[in-house]
Amino acid sequence: MGYPHKPHPRETLVLSEHFGDSDARTYDGWVKRGGYRALEQALGMEPQAVIDEVKASGLRGRGGAGFPAGVKWDFMPKQKSKRHYLCCNADESEPGTFKDREIMRWTPHALIEGCAIAAHAIRAEVVYVYIRGEFTEAIAVMQQALDEAYAKGVLGRKALGSGTSIDMYIHRGAGAYICGEETALMNSIEGKRGNPRIRPPFPAAVGVFGMPTTINNVETLGSVPHIMTRGAEWYKSLSLSSPKSTGTKLMSVCGHVARPGNFEITMGFPMKDLIYDLCGGMSPGRTLKAVIPGGSSVPVLDREEAENCVLDYEGCVAAGTMLGSGGMIVFDDTADMVYQMMRIAKFYAHESCAQCTQCREGTAWTVRILQKILSGRGEMQDLDLLLDVGEMMTGKTICVLSDSCAAPVGSAVQKFRGEFEAYIKGARQPAVALV
Amino acid sequence: MADQERVTLAIDGMEITVPKGTTILEAAKQAGVLIPHYCYHPGLPVAGVCRMCLVEIEGVPKLQIGCATPAAEGQTVRVNESEQAKHARQGVLEFLLINHPLDCPICDQAGECELQNYVFQEGRARTRYSPTYPKRFNPVEDFGGDVLYVPNRCILCTRCVRFMDHVAGEHVLNVSERGDRAYIGIHPQRQLDHPWAGNVVDLCPVGSLLSKDFLHKARAWELDHTPSVCTGCSQGCNVNLDTRAHSVVRVRPRPNAEVNKYFMCDHGRQTYRAMNRGDRIEAPLVAEGGALVAADWDHTLARAAQILKGSSGTAVALVSPSASTEALYLLKAVLDGFTMTAAFRVERADGEQPLAGIAGLSLRSERAPNVAGATLLGYEESFDRALEAARQAAVVVVLDEDLDGVTSDMLKGSGNLIYLGRALPDVARSARVVLPVTNVAEEDGSFVNRDGRVQRYLQAKSGPGMARPAWWILSELLAELGRGEPLGSAAEAFEILAAKERAFDGMSYGSLGLKGVRVGNGTAAEVTA
């Protein structure tokens, strides 16, 4: 893969500082680089003090929803009457996203440390790290690091010699995108079919095995040790725009850019600079057409919107999309948006858990309409139908998989209507191989 | 209940007060507003997957599912008055139909199909799904037991899966595959042969799970539904008898929270067969010159009264614990004055077959509906002793007992055999009078279940020929004997019974309603034990 690339000078290296440095994977190497000091520090603090520190840092969930991590931890019952669980969501399956994989591959101890701190904060004695099954290398690295952490007394009955007991298990996913949805993930850990659960009850009340549970993304938990050692104020200062978006964000950039890969930027970094400067822009002679900034689940931006978009939670919303998981998919002028949308919709149709009617039927219907258009048999009314089907699929289901299919497709129909019409009018010939 | 917190909310302008914790869907039911739904069933855990019951709640940005959202104080909920909710329902209906074969003309569920009903009620007139698109296709599968699965009609509401998992407690069904390829799967080495599995057919809101026994027998709109009580065992599950013309074509559970919730067992579903038997006595018969000859009711009743008047001493009553409480009472009244041995016998199966998820609901080993009623009225389960007594009895009266295994020798002693029955076994040919009675589907009456619950059943079809309800025959006989007025209805018979028998004190058909009432506390405990 040739990854990792050399860091770009405009990157802010926090999570990715040791990417590519295989010595950082080992316990000793990690400790040499300052590892497990944050955990030691946290274990000496009251759990609530850890929560308050993370709250003060402004750290928000990096899995897609952007919910403040400290607030989420604060939802856990203060009077402990049952076991508490922490689940680390490492089921990174969002198309275009490949940041958690790198954190696990290169800095497994950072994740273990982050998990342990969070477990202490929410007073969970058990941590499940739910890793996407296809991430065989990441799983091997994580397992090795976990074994080492146990051997060195970081985990177990007396974590780092403290009075806190923290056990950590790696749970391997079996290949379903939906298991990255937090309640489906809990069902999957329980050995059940990975179907999202209806809320309420929320996981903090009734989570995995019916116990209070917090689920955090890998990148979120990976950021926690840095917040502990360097302080909430420092983390908060890492913001170029909205004070509501703090810290650094790993952006996974793929598609038509000269240098795809993970880039760690400070919140508020201009998307334009990320694409043209850090990623080296388009191939010679090509121009930017569109960007999906947050993994395939969010609305598409056209060139103008993308070039003016600020990369943080608020900036993306202002541009009409979402920061999501930070999996940026870049399209140049050769991209066939109709085909791209069909591929995206096909993914969701394949991965729909089949519980909710709108999602089960709507995703597959969307694919059929797009395939009909691509095959040159489309009609003008199909475009309105696509939008209406998308509307019927939005905001009405248990989880947001249905919305995630409708959002990119609907926005593409609106922003690139000409490309759809070209197929329908016969101005563009169907490419059989594409369908 | 009185100190339970209550909340008041408005649903489509109807104000309703319900206990805190009630869902919006259930509160709406009480307010008289039906929120269309598929996956929700009051007897199953909530799944919240069909997304049909989406309602608008003032102040909440997104539509919420009525089946899982609790009613809250001061809420304003809109169901039919919300364009947004209507549009959402229309969307669900359109989605549900895109992969549906639209084969209502050959579907057993047509006429009682919730998909058909709601689509007619508020669905789009035409689909926007292009006819050139393929529809999901999976072949019909025999799930075993009485259940056939037609996957193409399935809307994946998962009621069947939840019933088997959470109520029957047997994990044999699941949702297999994902996306629009999903279907209900069955364990590869198992069958849907749980004794209560037939409930999945009733639970299925569409024509996807069908009864093999009922398959293509009748269209739903041809059926009349009559409230009744299952005769399969002493549990007394409330049922509806579905009749077409003069046949009962199926038995389905009728909800009763106190007895069977929403369910009944597969054994009970088969009881309709006995109700349609053709080997029935169609006319009263009297013994003339060594043979039984048909006669009219006046003549036959007079003959029977004459036999009773001319006898004294001991009388033996051999009754069926499936006879109505009214008939059992009136028979005792008829034999008043004799030294009576009144007995029944009951078929007992090995063990019970409980429905795991519902406490107190089981296919009982006693396979008759009115054992408790007969016991309350003084009949004893001492059939053999009664047969012994019959050898010297002045009169033997048989009430609906099939006399299986009884020989004419055993009943010859008295020479005065009065037989009230549906069919005429050889041993009954020695009777002096044969009085044809109707069966449970052909008369009104009541049974007492094993918990002492007195429950009414209603006439669903007409009886064969001149057959009459046993209560009518016995009341006519009492009148003939000069000990009462002829009765006009089972209700009157029950009134007399209630006036005389302490356990039934204060009860009437009106007070029993269609859900029944338990007999007085002291007696009930006795019966339960």
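Here the structure is a predicted model, which is why all the values come from computation and not from measurement.

### With respect to the overall build of chain B
Step number 1: For chain B, the count of helices and strands is 16 helices and 25 strands.
Step number 2: Seen through its principal axes, chain B has C-alpha atoms that stretch 85 × 55 × 40 Å.
Step number 3: The burial tally for chain B puts 58% of its 529 residues in the buried class.
Step number 4: Within chain B, contacts between residues at least 6 apart in sequence are counted, and of these 63% link residues at least 24 apart.
Step number 5: For chain B, the exposed surface amounts to about 21,500 Å²; the carbon and sulfur share of it is 49%.

### Remarks on the environment of Gly 144 of chain B
All names here are of chain B.
Step number 1: Mapped onto the secondary structure, Gly 144 falls in strand β6 (residues 141–144).
Step number 2: Gly 144 gets classed as buried once you look at its relative accessible area, which sits at 3%.
Step number 3: C-alpha separation for the pair Gly 144 and Glu 112, spaced 32 residues apart in sequence, amounts to 24 Å.
Step number 4: Once you skip the residues sitting within four places of it in the chain, Gly 144 turns out to touch Gln 191, Leu 192 and Lys 212.

### Here's the deal with the packing of aromatic side chains
Step number 1: Here the structure, examined in full by the defined rule, presents 21 aromatic pairs over all chains.
Step number 2: Ring geometry for Tyr 38 of chain B and Tyr 118 of chain B: centres 5.6 Å apart, planes at 75°, overall edge-to-face. Within this pair, whereas Tyr 38 of chain B is found in the loop between α1 (24–30) and β3 (54–57), its partner Tyr 118 of chain B is found in helix α3 (residues 114–122), the two being separated by 80 residues in sequence.
Step number 3: Residue Tyr 118 of chain B is classed as buried on the basis of its relative accessible area, which comes to 6%.
Step number 4: Among the aromatic residues, ring-to-ring pairing joins Tyr 85, Tyr 128, Tyr 169 and Phe 209 of chain A into one connected group.
Step number 5: Here the guanidinium or amino end of Arg 25 of chain A rests over the ring plane of Trp 106 of chain A, the centre of that ring lying 4.5 Å away.

### Some points on the interface of chain B and chain A
Step number 1: Taken together, the 38 residues of chain B in the interface contact 34 residues of chain A.
Step number 2: A buried area of about 2,900 Å², summed over both sides, lies between chain B and chain A, and 55% of it is on carbon and sulfur atoms.
Step number 3: Considering only the side of chain B, the residues that lose the most area to chain A are Phe 95, Tyr 133 and Arg 178 of chain B, jointly responsible for 26% of the buried surface there.
Step number 4: Across the pair Arg 368 of chain A and Asp 180 of chain B runs a salt bridge, and its minimum N-O distance is 3.5 Å.
Step number 5: In this assembly, chain B and chain A are joined by 15 residue pairs in polar contact (both at pLDDT 80 or more).
Step number 6: Secondary structure elements with two or more residues in the side of chain B that touches chain A: α2 (83–98) and β8 (173–176) of chain B.
Step number 7: Tallying contributions element by element places α2 of chain B first for the side of chain B that touches chain A, with 8 residues.

### A few points about the pairing of strand β12 (residues 238–244) of chain B
Residue and element names in this part refer to chain B.
Step number 1: Of all 7 residues in β12, 6 are buried; the element is thus mostly enclosed.
Step number 2: Inspection of the sheet shows strand β11 (residues 224–229) paired to β12 by 6 bridges, in the antiparallel sense. In the strand pairing of β12, Val 229 is matched with Asn 238.
Step number 3: As paired strands, β12 and strand β13 (residues 247–253) are joined by 6 bridges and run antiparallel to one another. The residue bridging Arg 244 from the neighbouring strand is Ser 247, located in β13.
Step number 4: Hairpin connection of β12 to β13: 2 residues between the antiparallel strands, including Ala 245 at a positive phi of 50°.

### Observations concerning the domain arrangement of chain B
Step number 1: By domain assignment, chain B separates into domain 1 (6–93), domain 2 (133–222) and domain 3 (285–488).
Step number 2: Once you take the C-alpha centre of each, domain 1 of chain B and domain 3 of chain B turn out to be 52 Å apart.

### Considerations on the packing of helix α14 (residues 337–351) of chain A against helix α17 (residues 401–415) of chain A
Residue and element names in this part refer to chain A.
Step number 1: Between α14 and α17, whose axes approach to 10 Å, the crossing angle comes to 170°. Classified by the interaxial angle, the pair formed by α14 and α17 is roughly antiparallel. Mapping the contact onto sequence places Met 341, Ile 344, Ala 345, Tyr 348 and Glu 351 in α14 and Leu 401, Ser 404, Cys 405, Pro 408, Val 409 and Ala 412 in α17.
Step number 2: By residue class, the composition of the contact of α14 with α17 is 9 nonpolar, 1 polar and 1 charged.

### Overview of the packing of helix α15 (residues 357–374) of chain A against α2 of chain B
Step number 1: The geometry of α15 of chain A relative to α2 of chain B is characterised by a closest axis approach of 9 Å and an angle of 60° between their N-to-C directions. Of the possible angle classes, the one that applies to α15 of chain A and α2 of chain B is oblique. The crossing of α15 of chain A and α2 of chain B is left-handed. Note on element contacts: α2 of chain B touches α15 of chain A through Val 92, Glu 94, Phe 95, Leu 96 and Ile 98 of chain B, opposite Thr 357, Gln 358, Arg 360, Glu 361, Gly 362 and Trp 365 of chain A.
Step number 2: In the contact of α15 of chain A with α2 of chain B, the residues fall into 5 nonpolar, 3 polar and 3 charged.

### Focus: empty space enclosed by the protein
Residues and elements named next belong to chain B.
Step number 1: Throughout the structure, instances matching the rule amount to 5 cavities of 30 Å³ or more.
Step number 2: Along the wall of the largest cavity there are 17 residues; nearest its centre are Val 201, Ser 211, Phe 214, Arg 250 and Arg 252.
Step number 3: At the level of elements, α5 (199–203), β10 (209–211) and β13 are the ones that each hand at least two residues to the lining of the largest cavity.
Step number 4: Each residue belonging to the lining of the largest cavity can be placed in one class, and the counts come to 5 nonpolar, 4 polar and 8 charged.
Step number 5: The computed volume of the second largest cavity comes to approximately 80 Å³.
Step number 6: If you go around the second largest cavity, you meet 14 residues; those closest to its centre are Cys 154, Cys 157, Cys 160, Cys 204 and Leu 209.
Step number 7: Of the residues that constitute the lining of the second largest cavity, the class distribution is 11 nonpolar, 2 polar and 1 charged.

### Comments concerning helix α11 (residues 271–278) of chain A
Residue and element names in this part refer to chain A.
Step number 1: Within α11 the residues assigned to the buried category are Met 271, Leu 274, Ile 275 and Leu 278. Viewed along the axis of α11, the buried residues span an arc of 120°, placing them on a single side of the element.
Step number 2: In the segment just after α11, Gly 280 is the residue with positive phi, at about 75°.

### Digging into the environment of Val 127 of chain A
Step number 1: In this fold, Val 127 of chain A is placed in strand β2 (residues 126–131).
Step number 2: A C-alpha to C-alpha distance of 29 Å links Val 127 of chain A and Met 267 of chain A, two positions 140 residues apart in sequence.

### So, the layout of surface pockets
Step number 1: When its volume is computed, the second largest pocket comes out at roughly 1,000 Å³.
Step number 2: A per-class count over the lining of the second largest pocket returns 17 nonpolar, 11 polar and 12 charged.

### A word on the pairing of strand β6 (residues 261–266) of chain A
All names here are of chain A.
Step number 1: Burial analysis of β6 places 6 of its 6 residues in the buried class, the great majority of the element.
Step number 2: In this structure, strand β5 (residues 248–255) lies alongside β6, joined through 6 bridges in antiparallel fashion. The partner of Thr 248 across the bridge, within β6, is Thr 266.
Step number 3: Taking the residues between adjacent antiparallel strands as the criterion, β5 and β6 are bridged by 5 residues.

### Re helix α16 (residues 380–393) of chain A
Step number 1: For α16 of chain A, built from 14 residues, the straight-helix expectation of 20 Å at 1.5 Å per residue is met to within 8% by its first-to-last C-alpha distance of 21 Å.
Step number 2: Where α16 of chain A is concerned, the buried positions are Asp 382, Leu 383, Leu 385, Leu 386, Asp 388, Val 389, Gly 390, Met 392 and Met 393 of chain A.
Step number 3: Looking at the packing, one finds that the buried side of α16 of chain A touches α15, α17 and α18 (417–425) of chain A together with α2 of chain B.
Step number 4: The first or second residue beyond α16 of chain A is Gly 395 of chain A, which carries a positive phi of 75°.

### Thoughts on the side chain of Arg 368 of chain A
Step number 1: Structurally, Arg 368 of chain A can be placed in helix α15.
Step number 2: Judged by its relative accessible area of 18%, Arg 368 of chain A is buried.
Step number 3: Among the polar contacts listed, one links the side chain of Arg 368 of chain A to the side chain of Tyr 129 of chain B, at a separation of 2.4 Å.
Step number 4: Setting aside residues no more than four positions away along its own chain, Arg 368 of chain A makes contact with Asn 99, Tyr 129, Tyr 133, Pro 134 and Asp 180 of chain B.

### Overview of the sheet that holds β6 of chain A
Residue and element names in this part refer to chain A.
Step number 1: One open sheet accounts for 5 strands, arranged β6-β5-β11-β8-β9; its pairing is mixed. Two strands close off the open sheet at either side, each with one partner strand: β6 and β9 (301–302).
Step number 2: Packed onto the sheet, α14 meets β8 (288–292) and β11 (327–332) and runs at close to 15° relative to β8.

### Let's talk about the nonpolar core
Generally speaking, a soluble globular protein has its nonpolar side chains buried in company with each other.
Step number 1: Counting 127 residues, the largest nonpolar core has Met 341 and Phe 420 of chain A together with Tyr 38, Phe 163, Leu 173, Ile 184 and Leu 192 of chain B as the members making the most contacts within it.
Step number 2: At 9 residues, the largest contribution of residues to this core is made by α14 of chain A.
Step number 3: When neighbours within four sequence positions are excluded, Met 341 of chain A is seen to be in contact with Ile 292, Val 300, Leu 370, Pro 408, Val 409, Ala 412 and Phe 420 of chain A.

### Brief notes about the sheet that holds β3 of chain B
Step number 1: One open sheet holds the 5 strands; their spatial order is β2-β1-β5-β3-β4 (chain B), and the pairing between them is mixed. Where the open sheet ends on each side, the last strands, each with one partner, are β2 (14–19) and β4 (64–65) of chain B.

What counts, and at which threshold
- Residues numbered from 1 in each chain as written.
- Chains lettered and ligands numbered in written order.
- Predicted model: local features only at pLDDT ≥ 70, side-chain atom pairs only at ≥ 80, totals over all residues.
- Heavy atoms only, no water.
- Helix = DSSP H or I, 4+ residues; strand = E, 2+ residues; numbered from the N terminus.
- Buried < 20%, exposed > 50% of the residue type's maximum accessible area, 1.4 Å probe, protein only.
- Contact = heavy atoms within 4.5 Å.
- Areas by Shrake-Rupley, 256 points an atom, 1.4 Å probe, with all protein chains shown as cover.
- Phe/Tyr/Trp six-rings, centres within 6.5 Å; stacked < 30°, edge-to-face > 60°.
- Lys NZ or Arg CZ within 6 Å of the ring centre and 35° of its normal.
- Buried area = accessible area lost by both parts, 1.4 Å probe.
- Salt bridge = Lys/Arg side-chain N within 4 Å of Asp/Glu carboxyl O.
- Polar contact = N/O pair within 3.5 Å; in protein donor to acceptor, adjacent residues only side chain to side chain.
- Pairing = 2+ DSSP bridges.
- Domains from an automatic or database assignment.
- Axes fitted to C-alpha atoms, helices over the stretch in contact; angles between N-to-C directions.
- Parallel < 35°, antiparallel > 145°, perpendicular 65-115°, else oblique.
- Nonpolar A, V, L, I, M, F, W, Y, C, P; charged D, E, K, R; others polar.
- Left-handed = near helix turned anticlockwise from the far one by under 90°.
- 1 Å grid on protein atoms, 1.4 Å probe; cavity = no way out; pocket = protein on both sides within 12 Å on 5 of 7 lines; lining within 4 Å.
- Points joined across faces, edges and corners; volume = space filled by probe spheres on them.
- Arc of directions from axis to C-beta.
- Expected span 1.5 Å × (residues − 1).
- Core = buried A, V, L, I, M, F, W, Y, C linked by side-chain atoms within 4.5 Å.

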